[in-house]
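Descriptive analysis of the structure
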Amino acid sequence: MTRIDRLRRLIEEPLLVTMPVNVFYLTGFRSSNAALLVDDERALLFSDFRYAEAGRRVDEVEFIEVERALVRGVAAHVEGRLAFERTHLTYANWEVLRDAGVDLVPGGGQIERLRAVKAEDELELIRRATEITNEAYARLAEERFVGRTERDLAFTFAQFMHELGGHGEAFPTTVASGPNGATPHAGTSDRVVEKEETVVVDAGAVLDGYASDCTRTFATGPLPDELARAYDVVLEAQLEGLDAVAPGVSGKDADAAAREVIGGAGLGERFGHGLGHGVGLMVHEAPTLRPESQDTLEPNNVVTVEPGVYLPGVGGIRIEDLVVVREGEPVVLTSFTKELVTVS
């Protein structure tokens, strides 16, 4: 059964797909300007002249070339009642369809649910992308840190992933040293790495569109007691989080397993983000592992497990693995050591 056929079993009315990653997932068609209309009998793929040649080669769809103003072009070919991806279609484009007489119903979410459960070919690409990241971390651990800028180390890491066969970065590699590491999503800066501090490195590779995601925290010498203790707490929490990841477990409960460890150590207020998220064609997708999550884990979900502790003005600790949800224990794809690595 194709992905489009699987989608048909989930929808009650024709669905207009406008989110590029969802168009790609269903058809394999890469375009920055495409839409897909799926109903019980047909799948209509819309794009403009720049992508027409590739669009006509896509199996299982009827390709329709439209003007550059994509939704206006789509409006000329659709009628009646149809659902749209409410998290992606803009209000301006909603108006275009409405003014063309289309009866619009807010919809979406079905494709994201399909994407959350990976097929074996998807898992293989994610595994290979993670192997690239694993080896890049091993190479980075041999590099000199002290005296170099965060930006220089991030560029070096990206080069390693390229040399190892990665097709790109899943997101801009983050290197956050010293006090910068106290911001969970710090931007890489020109700060020079100093001795006796932590360096948080968050990175991922892309392979044929599928991402990996990993974080490790390095030390540039003996750490202050509060940072050394925080590392031990985060490592314990990460291992508890891994143990909690299993089919049938809610994202909320998986998060709580790690959060209880950090809270019990008196550092609960310093762990302000969720435990993890799904990874695939996007580096953040379903399911989520966080206190407000409504998701339940299923076999072949791919999720991160990444607790952290962030001490303002001092530094941060985060340890992140990428794992496949399986019956019994999860398969941990990330292999670079989680023991604290001291670099020069």
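Note: the structure precedes this text.
Reading the values: rules and limits
Residues numbered from 1 in each chain as written. Predicted model: local features only at pLDDT ≥ 70, side-chain atom pairs only at ≥ 80, totals over all residues. Heavy atoms only, no water. Helix = DSSP H or I, 4+ residues; strand = E, 2+ residues; numbered from the N terminus. Rg over C-alpha atoms; globule rule 2.2 N^0.38 Å. Contact = heavy atoms within 4.5 Å. Salt bridge = Lys/Arg side-chain N within 4 Å of Asp/Glu carboxyl O. Buried < 20%, exposed > 50% of the residue type's maximum accessible area, 1.4 Å probe, protein only.

Structural notes on the overall build of the chain
Tallying secondary structure elements over the chain gives 10 helices and 20 strands in all. At 22 Å, the chain has a C-alpha radius of gyration in line with the 20 Å of a compact globule built from 344 residues. The dimensions of the chain, computed from C-alpha atoms along their principal axes, are 65 × 40 × 35 Å. Restricting to contacts in the chain with at least 6 residues of sequence separation, those with at least 24 account for 63%.

Re the pattern of salt bridges
A side chain with one charge may pair with a side chain of the opposite charge, provided their charged atoms come close. Scanning the model with the defined rule gives 28 salt bridges in all. Salt-bridge contacts for D202 lead to R318; the nearest nitrogen and oxygen are separated by 3.1 Å. Note that D202 is positioned in strand β9 (residues 198–203) and R318 in strand β17 (residues 315–318), a separation of 116 residues in sequence. For the pair D202 and R318, a shared accessibility class is recorded, and that class is buried. In this structure, E306 and R318 form a salt bridge, with 3.7 Å as the shortest nitrogen-oxygen distance. Pair noted here: E306 is in the loop between β15 (302–305) and β16 (308–311) and R318 is in strand β17, with a separation of 12 residues, a long-range link. On the basis of relative accessible area, E306 is assigned to the buried category, the value being 8%. What you see here is one network of salt bridges that share partners, running through E13, R81 and D103.

Description of the environment of L7
Topologically, L7 is positioned in helix α1 (residues 3–8). The sequence separation of L7 and A34 amounts to 27 residues, and the corresponding C-alpha distance is 18 Å. Residue contacts for L7: discarding those within four places in its chain leaves L15, L26, V38, Q110, I111 and L114.

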